[in-house]
Amino acid sequence: MAELDLQGLLAEVAREMEPHRGEGAVADYIPPLARVDPRRFGMAIITCDGRAAEVGDAWMPFSIQSISKVFTLTMALEKHGEALWRRVGREPSGSRFNSIVQLEAEKGVPRNPFINAGAIVVTDAVLSERRPDEAIAEIRDFFRKLADNDTIDIDREVAEQEAATGFRNFSLANFMKGFGNIHAAVEDSLHTYFNQCAIRITCRQLARAGLFLANGGVDPIRGERITSAERVRRINAIMLTCGHYDASGEFAFQVGLPGKSGVGGGILAIVPGHAAIAVWSPGLNEAGNSQVGTLALEKLVRRTDWNVFD
Ligand code: GLN
């Protein structure tokens, strides 16, 4: 790794992305996402030995959206251990991120923790018996600690508008409540979920926050264990198989790394044993994943041996 020129690598990838900037469709279900400039592009890498590089808009906060699901999964596993798997599966869904179709046949137990239904169950498990505000602060503080940055916060406008327009998420949560798989009041679980999705974060902060996933559960910079090596192996496995919804197979094929996307246009990708990478470009492909972000990761992986299948 020491021989890799990270900054040069990112500069080359950014150059290659230049003709693609603006591709894809920015999420438009709420105004604060719809008004983001589609030409934005940022990328950041941090390695387990503490080297970091970034390019473009890596300093600029964006809406974390579904990437938050990786972190709440970590929290829920720490709180509930293996019992969590009675409430949510770990099988790819082959369906869109907000699909309801499998839930009835599967008795309110969502396929995996990264589709919306599964993430709402996981957030309900993080919430446990507490007030939503406590859980929201705990989630925010987890990001602040992992990213080593106390400025990370929740975009209230995004959180409010997620709630005002989140009819499908309300349907999913109510449906699962009918099967007894949402324990708190539906409004409380969703309020917590909408706030976790509304966290504003930069590529630089996101890569730093995800670094423990590249290093067997230990944050290598502060030397603190966040979760066990076994859990990290499993979280990475679910990122690889489910992190991009019904395009997870395609992402594994093109990029070959565990990754998690969000409709804000961000992707967190993990190179086990080596590095965490965050990329942001707001235009989404058909499956709701960053189009240019995915392409940038593909180019980056081609220039390195960073592929879990090599
Ligand atoms: N807030 C979005 C939702 O719940 C998150 C979806 C996503 O990023 N894929 O619908």
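For the structure itself, look to the data block above.
The paragraphs below set out a description of the structure included in this document. Note that residues are indexed from 1 along each chain, following the sequence as it is written. Local features in this predicted model are restricted to residues whose pLDDT is 70 or higher, and side-chain atom pairs enter the listing and the counts only when it is 80 or higher, whereas totals over whole chains, interfaces and linings include all residues. Note that water and hydrogens are dropped before the side-chain values are worked out from all heavy atoms of the structure.

## Let's talk about the overall build of the protein chain
Line of reasoning, step 1. Helix numbers and strand numbers start at the N terminus; a helix is a DSSP run of H or I with at least 4 residues, a strand a run of E with at least 2. In terms of regular secondary structure, the protein chain is built from 13 helices and 12 strands.
Line of reasoning, step 2. Radius of gyration means the value over C-alpha atoms here, while the globule rule gives 2.2 Å times the residue count to the 0.38 power. Its C-alpha atoms give the protein chain a radius of gyration of 18 Å, near enough to 19 Å, the size a compact globule of 310 residues would have.
Line of reasoning, step 3. Dimensions of the protein chain along its principal axes, counting C-alpha atoms only, are 55 × 40 × 35 Å.
Line of reasoning, step 4. Burial classification: accessible surface area is computed with a 1.4 Å probe over protein chains only, and a residue below 20% of its type maximum counts as buried, one above 50% as exposed, and the rest as partly exposed. In the protein chain, which comprises 310 residues, the proportion classed as buried is 58%.
Line of reasoning, step 5. We call two residues contacting when some pair of their heavy atoms lies within 4.5 Å. Summarising the internal contacts of the protein chain: among those between residues at least 6 apart in sequence, 69% fall at separations of at least 24.

## Some words on the sheet that holds strand β4 (residues 62–63)
Two modes of strand pairing occur in sheets, parallel and antiparallel, and in both the strands are linked by backbone hydrogen bonds.
Line of reasoning, step 1. For two strands to be treated as a pair, DSSP must find no fewer than two bridges joining them. Pairing in this open sheet of three strands is antiparallel, and the strands run β4-β6-β5 from one edge to the other. Sheet topology places β4 and β5 (153–154) at the edges, where each strand pairs with a single neighbour.

## As for the site of the ligand
Line of reasoning, step 1. We call a residue near a molecule or strand when any one of its heavy atoms sits within 4 Å of it. Close to the ligand lie Tyr-29, Gln-65, Ser-66, Phe-97, Asn-116, Glu-162, Asn-169, Tyr-193, Cys-197, Tyr-245, Gly-262 and Val-263.
Line of reasoning, step 2. Two N or O atoms form a polar contact when they lie within 3.5 Å of each other; inside protein one atom must be a possible hydrogen donor and the other a possible acceptor, and for residues adjacent in sequence the pair counts only when both atoms belong to side chains. Within the side chain of Ser-66, an N or O atom sits 2.6 Å from an oxygen atom of the ligand.
Line of reasoning, step 3. Interatomic distance of 2.9 Å between a side-chain N/O atom of Glu-162 and a nitrogen atom of the ligand.
Line of reasoning, step 4. Considering the ligand on its own, with 300 Å² of exposed area, one finds that the protein chains cover 96% of that surface.
Line of reasoning, step 5. A per-class count over the shell around the ligand returns six nonpolar, five polar and one charged. Per-residue and other accessible areas follow the Shrake-Rupley method at a 1.4 Å probe size, with only the shown protein chains counted as cover for residues. Note on residue categories: nonpolar means Ala, Val, Leu, Ile, Met, Phe, Trp, Tyr, Cys or Pro, charged means Asp, Glu, Lys or Arg, and polar means any other residue, Gly included.

## Some thoughts on the pairing of strand β2 (residues 42–47)
Line of reasoning, step 1. Across the six residues that make up β2, a large majority, six, are buried.
Line of reasoning, step 2. Burial of β2 is two-sided: the residues Gly-42, Ala-44 and Ile-46 facing one way and the residues Met-43, Ile-45 and Thr-47 facing the other way are all buried.
Line of reasoning, step 3. Note: β2 against strand β3 (residues 52–56), five bridges, orientation antiparallel. Bridge pairing links Ile-46 to Ala-52 in β3.
Line of reasoning, step 4. Judged from the six bridges that link them, β2 and strand β11 (residues 275–280) form a sheet pairing that is antiparallel. Residue pairing in the sheet places Met-43 in a bridge with Val-279 of β11.

## With respect to the side chain of Asn-169
Line of reasoning, step 1. With respect to the element layout, Asn-169 can be found in helix α8 (residues 167–178).
Line of reasoning, step 2. In this view, Asn-169 contacts Asn-116, Ile-120, Leu-190, Tyr-193 and Phe-194; residues no more than four positions away in its chain are not counted.

## Some details on the packing of aromatic side chains
Line of reasoning, step 1. Any two of the Phe, Tyr and Trp rings considered here, Trp counted by its six-membered ring, make a pair once their centres fall within 6.5 Å; the pair's planes then place it as stacked at under 30 degrees, edge-to-face at over 60, or tilted in between. Counted according to the given criterion, the structure contains seven aromatic pairs.
Line of reasoning, step 2. Note on Phe-62 and Trp-280: the rings are 5.2 Å apart at their centroids and 10° apart in plane angle, and the pair reads as stacked. Of the two residues, Phe-62 sits in strand β4 while Trp-280 sits in strand β11, which places them 218 residues apart along the sequence.
Line of reasoning, step 3. When its relative accessible area of 4% is taken as the criterion, Phe-62 is described as buried.
Line of reasoning, step 4. On the basis of relative accessibility, which here comes to 2%, the residue Trp-280 falls in the buried class.

## Quick word on the pattern of salt bridges
Side chains bearing opposite charge may pair, as long as their charged atoms lie close to each other.
Line of reasoning, step 1. Each salt bridge in this description consists of a side-chain nitrogen of Lys or Arg and a carboxyl oxygen of Asp or Glu lying within 4 Å of one another. Considering all chains together, one arrives at 24 salt bridges under this definition.
Line of reasoning, step 2. A salt bridge links Arg-204 to Glu-54; the shortest N-O distance between them is 2.6 Å. Highlighted residues: Arg-204 in helix α10 (residues 203–209) and Glu-54 in strand β3, separated in sequence by 150 residues.
Line of reasoning, step 3. Assessed through its relative accessible area of 45%, Arg-204 is described here as partly exposed.
Line of reasoning, step 4. Between Glu-134 and Arg-131 there is a salt bridge, and its shortest N-O distance comes to 3.7 Å.
Line of reasoning, step 5. Shared partners join several salt bridges into a network, and the residues in it are Lys-145, Arg-208, Asp-219, Arg-222 and Glu-224.

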